[in-house]
Every structure is written in C-alpha cells, then in structure tokens.
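# Fold and contact review
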Protein chains: 2
Amino acid sequence: MEQRKPRTLSGFMELSPARQVQFDRMVTLLRSAYSLYGFTPLDTPLIESSDVLLAKGGGETEKQIYRFQKGDNDLSLRFDLTVPLAKYVALYYSELTFPFRRFQIGKVYRGERAQRGRFREFYQADIDIIGDGALDIINEAEIPSIIYKVFTSLGLNRFQIRLNNRKILNGLFAVLGLSEQAGDVMRTMDKLDKIGADKVVSLLQEDCGVPSETAMRLIRTLSTDKPLTALEALRGQNTLLDTGLEELGTVVRYMSAFGVPESHFKVDLTIARGLDYYTGTVYETVMLDHPEVGSICSGGRYDNLAGYYTDRVLPGVGISIGLTRLFFVLENQGYLNNSLLTAPADVLIIPMTEDLSPSIALATRLREQGVRTQLYCEQKKFKQKLSYADKLGIPFALFMGEDELAQKLVTIKNLITGVQSSCMEADAMEQIRTYCAQCTQGAPIQDKL
Amino acid sequence: MEQRKPRTLSGFMELSPARQVQFDRMVTLLRSAYSLYGFTPLDTPLIESSDVLLAKGGGETEKQIYRFQKGDNDLSLRFDLTVPLAKYVALYYSELTFPFRRFQIGKVYRGERAQRGRFREFYQADIDIIGDGALDIINEAEIPSIIYKVFTSLGLNRFQIRLNNRKILNGLFAVLGLSEQAGDVMRTMDKLDKIGADKVVSLLQEDCGVPSETAMRLIRTLSTDKPLTALEALRGQNTLLDTGLEELGTVVRYMSAFGVPESHFKVDLTIARGLDYYTGTVYETVMLDHPEVGSICSGGRYDNLAGYYTDRVLPGVGISIGLTRLFFVLENQGYLNNSLLTAPADVLIIPMTEDLSPSIALATRLREQGVRTQLYCEQKKFKQKLSYADKLGIPFALFMGEDELAQKLVTIKNLITGVQSSCMEADAMEQIRTYCAQCTQGAPIQDKL
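Residues numbered from 1 in each chain as written. Chains lettered and ligands numbered in written order. Predicted model: local features only at pLDDT ≥ 70, side-chain atom pairs only at ≥ 80, totals over all residues. Heavy atoms only, no water.

### Comments concerning the packing of aromatic side chains
Overall, the coordinates contain 35 aromatic pairs over all chains when judged by the stated rule. An aromatic cluster is present here, built from Tyr-66, Phe-68 and Tyr-109 of chain A together with Tyr-66, Phe-68 and Tyr-109 of chain B joined pairwise through their rings. A cation over a ring is seen here: Arg-253 of chain A above Tyr-254 of chain A, with NZ or CZ 5.2 Å from the ring centre. Stacked on the ring of Tyr-66 of chain A, the Lys or Arg Lys-70 of chain B has its end atom at 5.3 Å from the ring centre. (Phe/Tyr/Trp six-rings, centres within 6.5 Å; stacked < 30°, edge-to-face > 60°. Lys NZ or Arg CZ within 6 Å of the ring centre and 35° of its normal.)

Below is the structure:
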C-alpha cells in the first residue's frame, strides 16, 4: 500500500490523551457553571450557507473565512458563535422564550496566519442573554459574576474583570468634539500602557487631529485611578454620558450582591472592545500575572443582535472565552493541575488464571459500581502488564489468580505507593473509590501564587 | 440594513433548546459508559489535509467528501472518526501506550443526497481498542458488553446485538468455492429477509454464477436458527473457518461474564458489514421494534488500522453509533423521555422590591448550593413573569418582596402543582433540590414495551 506521512494541519490543536482529559474537565466545569445561571445549551451547524453567515458582510474576518463550493451551494465554516446565534434566534423566534439565555461551546474557524499560540480551529465558550425589544441593565451586572464563577471554579484566581460602558466613551467623545475620529482615538489610546502618555498625545495630534490640550484631558479622564469620580465632574454635559454613568453605577452597585469581590474587578475607561456593535457595558478579563496574554474573556452589551436577519429588535449581552488559546496558555505557563487523575481507568485487572471468566465477572461488578475498569488480557510478561498501568497512570492493579479465587479474595496493588495486599473485593473497591475520588476533586487549574 | 432570510442548511440538524438538553444528556451518559470501560476521550480536528484524510483513497465516500482549497492547501472535512484515529495513532505512536483505548464523540460530514432522516453533518460516537502488533480476542468479547451497557444506560431495552465472524464467512466461501465472488454473494444474501430464499437462489445463480445446489447449501448454513451447530459440521475443512469458529466460540462464551444477557444477543451468520477491512468479529445492533432503522451500532475487528500511514501493524476492534440519526429516530418514534427536566433553570426568582440586592443575594446563595437559578428582572407584568417560567418549564418560582424580607422568609410557588407557601430559605432550597433531583434521574430514552 502506498503510504502517506500522517500529519495534523498547523494551527489545529490536537492533544495527548492526558491533556485531552484536562481539557474536557474544563469544559465540564464550564457547562456546570453556565447551567447554574440558567443558560441552556445550544449546538448549531459548523457549516452555514455563505449568504446567511456573511449577511452582515465586510469586516476583517471575511478574508479569514473557510468558504467553499459543494455542488451548487456556497458554504462557509462559522468563524464565531454569535452570527449562528443571531440566525438561530431570528429563525426560531416564535418558538423561543425571551430573555433567551444560551451557552454554546464549540469549534470555530479562522484562516489566520499560523503562528505559535494562534489557532485556525479553536473552541469558543459563549454565553448570551437575548431580550425581545428590551433587556434590563441587571443582566449586564450579572455577567461579571458568571465570569468570576467560571474562572474560580476552574481554579484560576489571579485574574481581574475590567469594565467599561460604551455610552460613557461615546458621550465623552461628543463632549470633547471627537465623535468622528472616535475609532482612531480609541485605537491610539490602547497603546497607553506600552508607549506612555507623551507618545500617545503626539500620535493623537498627528494621526487623529486631536488638539494637544484635548488629548491630555482625554488621557487624564480615562486613565485616572478613580474613573467614576473623575466622570462625575462631567455629569450633565451629555445625555449619553449621563446614561452611561447611570448604567455603570448600577452594574458596579449590584456586582457585590452577585458575589464578585472587589479584588476581582475594576472600572477601566480605556476598554472599548473592537467590535462596533457594543453599545453599553463592555468586559475584558486579564490574567494578573500574564497581561501579555490579553483578555481571556470579553464581551458586552449590544442593542441589536440580528438586524441583518429580522426587523425585530433583539438587544443582548454576551461574553466569549477563547478556550483553545486559554488552554494553550495554561499549559505553557504550567498552570494545569497535573495532580488530577488523567488515567483512562481507575484500576487494571490482571487475570492470572487460564479461564478469564472470574476476572471478567470482577470487572463487570466493578463497573456496575462506577469504578472505571480495564482488563489486561494481552499475551505479555507480568512486568509488562504492570508497566502498562504505570505508563497510563492507572493507580491500582488487581490480580486474580487461583489462590485469590480459592480464598474469595483479590490482591490489590497501589501503583503509586507500591503497597500490595490481599483483601475482600468490597474493601478493594472502597480503597480504589476513595483514592480516585480524592484525585479528581481538585480544580483543573492551579495559579502560581 | 439589507436583510437575508435566516435558514439552516438542509441535512443539518439544529435542535430546539429542550431537545438539545435531551441530546446532551445522551452524550453525557455515553461518555460515562465509555469511561467505565477504560476508554480515554480524544478530539481531533474536523479539517485535515486531503492527501492525509484520503490516503486510503477510492471508496464510495470520496464523492461525498467536503473538499476545498484554502490558500495553497487542499483540505477536507472528516467523513468518519476512524481515519483521524488512524492518523493520530500513526502520528503519535511513540507517545501512546497499547492497547490504546479511545472514545470520540464528534461531528462528521458527508454530502449525501438530503432526505428526511439522512444528515450531512452528524455525530458519531466511536470507541476503538488498538493493539500494537497483536490484540487479544478477549477485546472482541468485551465490545458487546459495552454496547449493552451504553444502550441500557440510555434507557433503551428493546434491542439485540448481532454477531458474526468474518473468518467464518471467508472460510465458508472457500469451502464452497465462492471466494472470488464473495462480495457479490454477501450483497445478494443481504436480501434474504426481503425477497425470500427462492429469489435469492435465482439471483445467486444469475448474477454471481453460483450453482443452485451450492446456493441452497449456503442459505441453509447461514440462515439456520442454530448457526454454531450447523457450522460444527464443517469443522476441519478450512483453517480459516476453524479459527473463526474458535473465535466466535470464545466471544460468545465470555459474553455472559461480561454481563450481556442471552436475550440481547444472537449469532447471525448473514452479517458481513460492508467495509473490506473487517477481519474477525463483526457487530450490528438492531432495535427489535424498528428493524427498518437498520443497525444503530456497528463495527468489528480489523487487522490493520493504519497501513496507509505506517508499517507498524495495528490491529483493532471498534464500534460506532450514528448519534444524530439515532436521536432523530428516537424523537420520531416518541422514545424520548419527555418527563425529564429540560428547563434551563430549577428556579426563577421574581424580585418584588425596588432594591434588587436581596433577590440577587438569594440567587447567589442558591447557585452556591448548586441550584440552577435565574433572576427575572425585566419590566413586565407579574403574570408575564410567571408565564416566562411556565413556558420554559422552570418548576419553581421564588418571590422576594418587602414582607418576605422583613420576616426573613421566601415565598415559593411550585409551578407544576400551583401550590404556594412561605417558608425558610433552606426549606425552599430543599424542596427545589428534591424535586429537581427526581426530575433528572430517569433515563433519556423510554422504550414502548
């Protein structure tokens, strides 16, 4: 047979079995956390008709789209989970109940230039709350508590949620006469941390035509330590700004009742989020010890989810975690909790009798009790059988020989400690379950504190 | 904004929120069942390089492949989970431990002609056990117990696992001098149930050139009620046949120790499985009340998983469930257990005070205790708020007003029974948890018995 070299495309994450277990554990915890907040799971196709998926058109992403012809159909792979949600909500509007809260964890595709830590196929974990015509501000206050819950339940503690409100920014730009160049100004402001205030002032002057005094006032207002106090001075000058202040105040006020400790959030007026459609609160989440990673969970409030599919006004608020990239970062930073069990089984049964039936029956009983059990029946030397369990990290081996059968016992070996003993089957089972429960109880992420 | 009509491609399943919960519950149970047998989860890319994915070449599936160009790359969407497994095992051979047991539940793509109940995007749920150079027959005996466990844990009971061994078929064909036309003969034999023995004999004569006496002998041997007895008479005439008999005997002998009741399996010598690469035991699983659905779980033993990627001989045994189609059938036959909770939350909190903090704090406490909680804060009439919970099937509403606050109580309404009462928060929580635990405990499938 002619052979091809097996390979996986660059930009596509493919994990080792142990890593996959760690990844899946994170997904399971995410699903539980989202469920606690009343979100329902959704799963939409990875392929959509191009005219539907690209209805909104334009944008940077368009050239990254995986788009192709199949028969007469012009098809595209989804590049995010928001457009498919918009389609879903518009399509099934009459069957849905609003506010509609859904979570979706699924792969999306972007043909970006491949580089380390950038993926062309990656998981996004999204939640959105979609209102019908209106959506109360309280939903915007709830989102940070979900972010907080999600990351702490994963074991991540060294993070901070950063909040802003687009109405404040837009109002402020109006007050300063900068509405037209708002986009360019925000992109320049984004460089503040990297290049410092002086250089930003120059750039604002040169590239955006902002008078130097206005530029300095802008920087003072946005980068102050007490942004809410600074903004109070501007109240009454612009209704949008006032509404934004009101909203941000409400969000911050309710966040503590929602269980977000002050240590884990901060109002940051420099956050704008690239996407044009955010209109209210916007969120970013940074790892305190790894600011270079950028935001690991972002989103915000938008006024109209599905304007390109329906006349119905569907405001919403949502956030997204780039799960594949986050996992890559966690692995690279040594943040994955490798002490949790990643073995495919809790116990390996090694039959020592000609007739395998007693060992098989033992395996069946263990499985019925929820113990993850593998039988090892390959023709190998005894040492190789034990080494199989060792390599996979299976914590226990059970030997079933003629002696054990005659005495109605099993011999159990703890492969971590090396301790071996003969005991009743029920005791062995108890030992396995206790140990494995311990080894799966911790969080999948361990911060370096 | 120019609008496009939202739609989902035909042949792509997209579920309502409640159905999605039912689907996800099945996936969760499948994952648990596979884990009990020592299988580790794997997740491979949906896109592969075409030269890698289609290395095996040819075959019926090739024209169904979603294949496209992106930049300089010739890419294809996976059409099953077996080829990606072969690639994975060949690529990471040195890092894996054999026998390698993996399960994978993921979407695959086949551009078949769209028709009701046929899907172009569908989930497969696969398990495979891959040996390095050799793989003991005991693994083939274990597979039916996994099929049995999987379906019974889903709640399906009216099914039967059918077994055969390809060595028996190939040996028998050799004995009868039919080795060359074996493929055509098996395809004709497949029609036995539909068109009867006489017509099959004619077809075997006309289309396959089988003498009528041989044809009749073949039919007698394959379609007998006691196939193992019938085959015993042929022992000693062909070594392959003898090996097959030996293997099938071993598989059947050990199946009961593996916990498969006799009611749920049958040796059926007419099963061949289309794929050429099966070389030992083959499996099909039929719904007893819906034979028209065909096999809902099939697979078998193969001698060489990855010959087109590596010189290493990697024998294996595996099975696959077409999950999307199965779900479609279950839904259509009314087999889904609709009494299980599909609501996105266990309780809806309806705040009745100006300050929302007490209600928010209550929600936070409930969530900390694992109760799936949603706050309803939209500006609606009281009746509409309750109707929201009703429509979603949320079983409880909690009211938090000034009276409740003053008395440190909550008012709880069971929306199923309509009973409303005021009680301590802890009691309300207990009531919610008890009820919801009941409503999530049954199996997702209910056979009509």
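What follows continues from the structure just given.
### Description of the pairing of strand E9 (residues 278-287) of chain B
Residues and elements named next belong to chain B. Counted residue by residue, E9 has 9 buried out of 10 residues, so it is predominantly covered. In this sheet, E9 lies alongside strand E7 (residues 159-165) in antiparallel orientation, the contact comprising 7 bridges. Each residue of the ladder has a partner; that of Leu-163, found in E9, is Tyr-283. (Buried < 20%, exposed > 50% of the residue type's maximum accessible area, 1.4 Å probe, protein only. Helix = DSSP H or I, 4+ residues; strand = E, 2+ residues; numbered from the N terminus. Pairing = 2+ DSSP bridges.)

### Observations concerning the packing of helix H1 (residues 17-36) of chain A against helix H11 (residues 323-332) of chain A
Residues and elements named next belong to chain A. Running from amino to carboxyl end, H1 crosses H11 at an angle of 125°, the nearest separation of the two axes being 12 Å. As far as their axial angle goes, H11 and H1 are oblique. In this structure, the crossing between H1 and H11 has a hand that is right-handed. Packed against H1, whose contacting residues are Arg-19, Gln-22, Phe-23, Met-26, Val-27 and Leu-30, the element H11 presents Leu-323, Thr-324, Leu-326, Phe-327, Leu-330 and Glu-331 at the interface. Partitioned by chemical class, the residues of the contact of H1 with H11 number 8 nonpolar, 2 polar and 2 charged. (Axes fitted to C-alpha atoms, helices over the stretch in contact; angles between N-to-C directions. Parallel < 35°, antiparallel > 145°, perpendicular 65-115°, else oblique. Left-handed = near helix turned anticlockwise from the far one by under 90°. Contact = heavy atoms within 4.5 Å. Nonpolar A, V, L, I, M, F, W, Y, C, P; charged D, E, K, R; others polar.)

### Brief notes about helix H7 (residues 192-208) of chain A
Residues and elements named next belong to chain A. Between its first and last C-alpha, H7 extends only 15 Å over 17 residues, short of the 24 Å set by a 1.5 Å rise per residue. Residue Asp-198 marks the point of greatest curvature in H7, where the axis turns by about 75°. Among the residues making up H7, those that are buried are Leu-192, Val-200, Val-201, Leu-204 and Cys-208. Elements in contact with the buried residues of H7: helix H6 (182-189) and helix H8 (212-222). One or two steps after H7, the chain reaches Gly-209, where phi turns positive at roughly 65°. (Expected span 1.5 Å × (residues − 1). Bend = angle between axes of the 7 residues up to and from the residue.)

### A look at the relation of the copies chain B and chain A
When chain B is fitted onto chain A, the two copies agree to an RMSD of 0.1 Å after a turn of 180° and an axial shift of 0.0 Å. Within this description, the copies of the chain are treated as partners about a two-fold rotation axis. Closest approach to the rotation axis among the C-alpha atoms of chain B is made by Phe-68 of chain B, whose C-alpha sits 2.9 Å away. A symmetric contact is evident, with 100% of the interface residues of chain B recurring at the interface of chain A. (Least-squares fit on C-alpha atoms with pLDDT ≥ 70 in both.)

### A word on the confidence of the model for chain A
Here chain A shows a mean pLDDT of 94. Residues at 70 or above account for 98%. Both scores are given for the predicted complex: the pTM is 0.96, the ipTM 0.96. (pLDDT = per-residue confidence, 0-100.)

### Considerations on the interface of chain B and chain A
Note: interface size is frequently given as the accessible area lost on complex formation between the parts. Taken together, the contact between chain B and chain A spans 102 residues of the former and 103 residues of the latter. Of the roughly 8400 Å² buried between chain B and chain A, counting both surfaces, carbon and sulfur atoms make up 56%. For the chain B face of the interface with chain A, the top three residues by lost area are Arg-4, Glu-14 and Arg-367 of chain B, together amounting to 8%. At the boundary of chain B with chain A, the tally comes to 10 salt bridges. For Arg-7 of chain A, the salt bridge identified is with Asp-51 of chain B, shortest N-O distance 3.2 Å. Across the contact surface, chain B and chain A share 56 residue pairs in polar contact (both at pLDDT 80 or more). In terms of residue count, helix H1 (residues 17-36) of chain B provides more of the side of chain B that touches chain A than any other element does, 7 residues in total. Within the side of chain B that touches chain A, the residues separate by chemical class into 52 nonpolar, 23 polar and 27 charged. (Buried area = accessible area lost by both parts, 1.4 Å probe. Salt bridge = Lys/Arg side-chain N within 4 Å of Asp/Glu carboxyl O. Polar contact = N/O pair within 3.5 Å; in protein donor to acceptor, adjacent residues only side chain to side chain.)

### Thoughts on the side chain of Glu-121 of chain B
Relative to the helices and strands, Glu-121 of chain B is located in strand E6 (residues 121-130). A polar contact of 2.9 Å, which involves the side chain of Glu-121 of chain B, links it to the backbone nitrogen of Leu-46 of chain A. When neighbours within four sequence positions are excluded, Glu-121 of chain B is seen to be in contact with Pro-45, Leu-46 and Ile-47 of chain A together with Gly-11, Phe-12, Lys-107, Val-108, Tyr-109 and Thr-324 of chain B.

### Things to note about the pairing of strand E3 (residues 67-70) of chain A
All names here are of chain A. Because side chains alternate across E3, one face comprises the buried residues Phe-68 and Lys-70, and the other comprises Arg-67 and Gln-69, none of which is buried. Bridge analysis of E3 against strand E4 (residues 73-77) gives 4 bridges, and the strand direction is antiparallel. Residue pairing in the sheet places Lys-70 in a bridge with Asn-73 of E4.

### Topic: a negative patch on the surface
Taken together, the side chains of Glu-354, Asp-355, Glu-402 and Asp-403 of chain A present a region of like negative charge at the surface. Tracing the sequence through the fold places Glu-402 of chain A in helix H14 (residues 402-407). (Patch = residues over 30% accessible without salt bridge, like charges linked within 9 Å, V, L, I, M, F, W, Y side chains within 5 Å. Areas by Shrake-Rupley, 256 points an atom, 1.4 Å probe, with all protein chains shown as cover. Lys, Arg positive; Asp, Glu negative; His and termini not counted. Charge placed at Lys NZ, Arg CZ, Asp CG, Glu CD.)

### Digging into unusual backbone geometry
All names here are of chain A. In the segment running from Phe-98 into Pro-99, the intervening peptide bond is cis, with an omega of -5°. In this fold, Pro-99 is placed in the loop between helix H3 (82-91) and strand E5 (100-109). In this model, Lys-408 sits at a positive phi of 55°, which is unusual for a non-glycine residue. When you line up the elements, Lys-408 lands in the loop between H14 and strand E15 (410-414).

### A look at the pattern of salt bridges
Enumeration according to the criterion identifies 40 salt bridges over all chains in this entry. Across the salt bridge formed by Asp-43 of chain A and Lys-107 of chain B, the nearest N and O atoms sit 3.2 Å from each other. Linking Asp-43 of chain A in the loop between strand E1 (40-41) and strand E2 (47-49) with Lys-107 of chain B in strand E5 (residues 100-109), this pair reaches from one chain into another. Neither residue differs from the other here; Asp-43 of chain A and Lys-107 of chain B are each classed as buried. Note that Glu-247 of chain B and Lys-167 of chain B form a salt bridge whose closest N and O atoms lie 3.0 Å from each other. Taken together, the positions of Glu-247 of chain B in helix H10 (residues 239-255) and Lys-167 of chain B in helix H5 (residues 166-175) put the pair 80 residues apart, joining distant regions of the chain. Accessibility expressed as a relative area gives 14% for Lys-167 of chain B, which makes it buried.

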